[in-house]
Amino acid sequence: MLKRVLVANRGEIAVRIIRACREMNIETVAVYSEADRGALFTTLATRAVCIGPARAEESYLNADAILTSALAAKCDGIHPGFGFLSENAAFAAAARERGLAFVGPPPEVITALGDKSAARRLMRKAGVPIVPGSDGIAETAEDARREAAELGYPVLVKASAGGGGRGIRRADSERGIETAFGEASGEALACFGDGGVYIEKLIENPRHIEFQILADSFGNIIHLGERDCTLQRRNQKVLEEAPSPSLGKDMRFELGEAAVRAARASGYVNAGTAEFILDGEGNYYFIEMNTRIQVEHPVTEMITGVDIVREQLHIASGLPLRCTQEDIKFSGHAIECRVNAESPEDGFLPCPGRIGFLHLPGGFGVRVDSAAYPGCEVTPYYDSMLAKVIVHGKTRNEAILRMRRALEELLITGVKTNLGLLYMLMFSTDYLAGKTDTGFIERNLDAILRPVEKDMML
Ligand code: ADP
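Residues numbered from 1 in each chain as written. Predicted model: local features only at pLDDT ≥ 70, side-chain atom pairs only at ≥ 80, totals over all residues. Heavy atoms only, no water.

Q: Could you give me a rundown of the state of the cysteines, with the residues and numbers involved?
A: Enumeration according to the criterion identifies zero disulfides in this entry. This cysteine, Cys351, is not joined by any disulfide, and Cys376 carries the nearest cysteine sulfur, 15 Å off. (Disulfide = S-S within 2.5 Å.)

In structure tokens form, the structure reads like this:
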């Protein structure tokens, strides 16, 4: 088992990883930027090292500084969390070369799956349904136009190296394809240093369903069921739940099998997520594999009882999975709300500042993953997530009622938050009926933010 792990991240996910390590008697080394001096994760870790200025490029993305710190502190592993260097194959390779266990898949797998266009080919060969679209990179606007004409509009032009919803543009007709091609490849080049794009049929009003995978280095692969992440804003997830209110038994089984096939085809090791979109006619399509722990992993933990970070560390220690697919039992329903320091009324503008009073919810069936504390600074340098409020109930309705009361208990002063939006979502008749799609929040923002009589539903 690993003995000392460097946590190459910050905020709540750093806290989450440190907690798992402490329960496993693994020492932790936190690395932090000057902006995170005094942050909760630096005090929970066994020790903490400052690696650079606030700007992520000079600290949390500074691979050399992180690897040097790991070696100097005699670590035997690195957990990258999510974001930052978590899906950076060169970083994973550099860690391996220095004898450090990278808590994630091997660099070759990160590379193969990070190239989405290549990943599509891999999945097609493995019999995993993919969104109809181009077979490789569309080199020119003319290529894009030809492929889009074959597929039929509307289409998406997507960055092959993409992530976080960037480098994606929609074209509704031939007139828009050149602009979409230019913008998507320009953004891809700027964000990822790789302007390669491919064309995909736009699936209208889809639902986003993803499967959590665990794979060890002995070829054992299981899934921990699905998460429904349909509620998004600009391709960014807002609320996640498990199980999905829109999957029947047969479809769930089929998607689970496809997710495991996707992992097997890529030689997957460690925790990963196979993402799919579903259309209104019962078709599902693989869109990508995320090669890291995800923000929304707690909803899966709540309904399976499996500590996913613990399993990650276990697998990275070279040990076999401790359970089979048959051992995984699902119980009840879990929902996660992402509380961000942002203002929905002002176009979701991030709202950094100093937190004044803070009261986090608790009680039966409530879990809060957060690095916030009264008086802490929410800096403008990193993402604006303050807390994840996760609830578990026997049924979906019970979970919704519990989320309402948990959000009612949550008090934060000093920064604006999206708490009101999250709370109102818990009263939306369409959400209650499970009738949403990925465009739901954007189409209904005004209606969701308008107060309703609390005792109207359920
Ligand atoms: P990223 O890696 O940038 O997150 P994804 O390929 O995962 O990009 O897509 C992000 C989101 O965009 C998905 O969750 C979904 O809401 C939407 N999306 C992606 N592909 C399609 C498609 N072909 N049709 C409709 N929506 C899509």
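Q: Tell me about the sheet that holds strand S4 (residues 77-79), and name the residues and values.
A: Strand pairs in the sheet, formed through backbone hydrogen bonds, run parallel or antiparallel to each other. The five strands are arranged S3-S2-S1-S4-S5 in an open sheet whose pairing can be described as parallel. Only two strands of the sheet have a single partner each, and these edge strands are strand S3 (47-52) and strand S5 (101-102). Note that strand S1 (residues 4-7) and strand S2 (residues 27-33) share four bridges and pair parallel. Residue pairing across strands places Val5 opposite Thr28, the latter belonging to S2. Across the sheet, helix H3 (residues 63-72) lies against S1, S2, S3 and S4, angled at about 150° from S3, the strand it touches most. Sheet contacts for helix H11 (residues 308-316): S1, S4 and S5; angle to S4, the most-contacted strand, approximately 150°. (Pairing = 2+ DSSP bridges. Helix = DSSP H or I, 4+ residues; strand = E, 2+ residues; numbered from the N terminus. Contact = heavy atoms within 4.5 Å. Axes fitted to C-alpha atoms, helices over the stretch in contact; angles between N-to-C directions.)

Q: Explain the packing of aromatic side chains residue by residue, including any values.
A: According to the stated counting rule, one finds nine aromatic pairs in the structure shown. On the numbers, 6.2 Å between centres and 80° between planes, the contact of Phe91 with Phe102 is edge-to-face. Of this pair, Phe91 sits in helix H4 (residues 89-97) while Phe102 is found in strand S5, placing the two residues 11 residues apart along the sequence. Each member of the pair, Phe91 as well as Phe102, carries the same accessibility label: buried. Ring centres of Tyr423 and Phe427 lie 5.0 Å apart, and the angle between their planes is 70°; this geometry places the pair in the edge-to-face category. Judged by relative accessible area, Phe427 falls into the buried class, the value being 4%. Ring pairing ties together the aromatic residues Tyr60, Phe84, Tyr381 and Tyr382, which thus form one cluster. Positioned above the aromatic ring of Tyr431, the side-chain terminus of Arg396 is 4.5 Å from the ring centre. (Phe/Tyr/Trp six-rings, centres within 6.5 Å; stacked < 30°, edge-to-face > 60°. Buried < 20%, exposed > 50% of the residue type's maximum accessible area, 1.4 Å probe, protein only. Lys NZ or Arg CZ within 6 Å of the ring centre and 35° of its normal.)

Q: Please set out the environment of Ile293 residue by residue, giving values where relevant.
A: In this structure, Ile293 sits in the loop between strand S13 (284-290) and helix H10 (297-304). In this structure, the C-alpha to C-alpha distance between Ile293 and Gly83, residues 210 residues apart in sequence, is 9.5 Å. Those residues in contact with Ile293 that sit more than four places away from it in its chain are Ile13, His79, Gly81, Phe82, Ile308, Val309 and Gln312.

Q: If you had to explain the site of the ligand to someone new, which residues and values would you point to?
A: Near the ligand there are 23 residues, and of these Gly165, Glu200, Ile203, His208 and Glu288 occur at the shortest range. Between the ligand and Gly164, the relevant distance is 3.2 Å, taken from an oxygen atom to a main-chain nitrogen or oxygen of the residue. Between the ligand and Glu288, the relevant distance is 2.6 Å, taken from an oxygen atom to a side-chain nitrogen or oxygen of the residue. When isolated, the ligand has an accessible area of 550 Å², and the protein chains bury 93% of it. Contributing elements (two or more residues each) for the shell around the ligand: strand S6 (155-159), strand S8 (197-201), strand S12 (270-278) and S13. Taken together, the residues of the shell around the ligand sort by class into eight nonpolar, eight polar and seven charged. There are two domains that each give the shell around the ligand at least three residues, and those are domain 2 (132-201) and domain 3 (207-448). (Near = heavy atom within 4 Å. Polar contact = N/O pair within 3.5 Å; in protein donor to acceptor, adjacent residues only side chain to side chain. Areas by Shrake-Rupley, 256 points an atom, 1.4 Å probe, with all protein chains shown as cover. Nonpolar A, V, L, I, M, F, W, Y, C, P; charged D, E, K, R; others polar. Domains from an automatic or database assignment.)

Q: Mind laying out the domain arrangement of the protein, listing which residues take part and the relevant values?
A: Domain parsing of the protein yields domain 1 (4-103), domain 2 (132-201) and domain 3 (207-448). The distance between the C-alpha centroids of domain 1 and domain 2 comes to 35 Å.

Q: Describe unusual backbone geometry, naming the residues involved and giving the relevant values.
A: Geometrically, the link from Tyr153 to Pro154 is a cis peptide bond, its omega value of -5° lying close to zero. For Pro154, the location among the structural elements is in the loop between helix H7 (141-151) and S6. Positive phi outside glycine occurs at Phe348, with the angle close to 60°. Of note, Phe348 is situated in the loop between strand S15 (342-343) and strand S16 (349-350).

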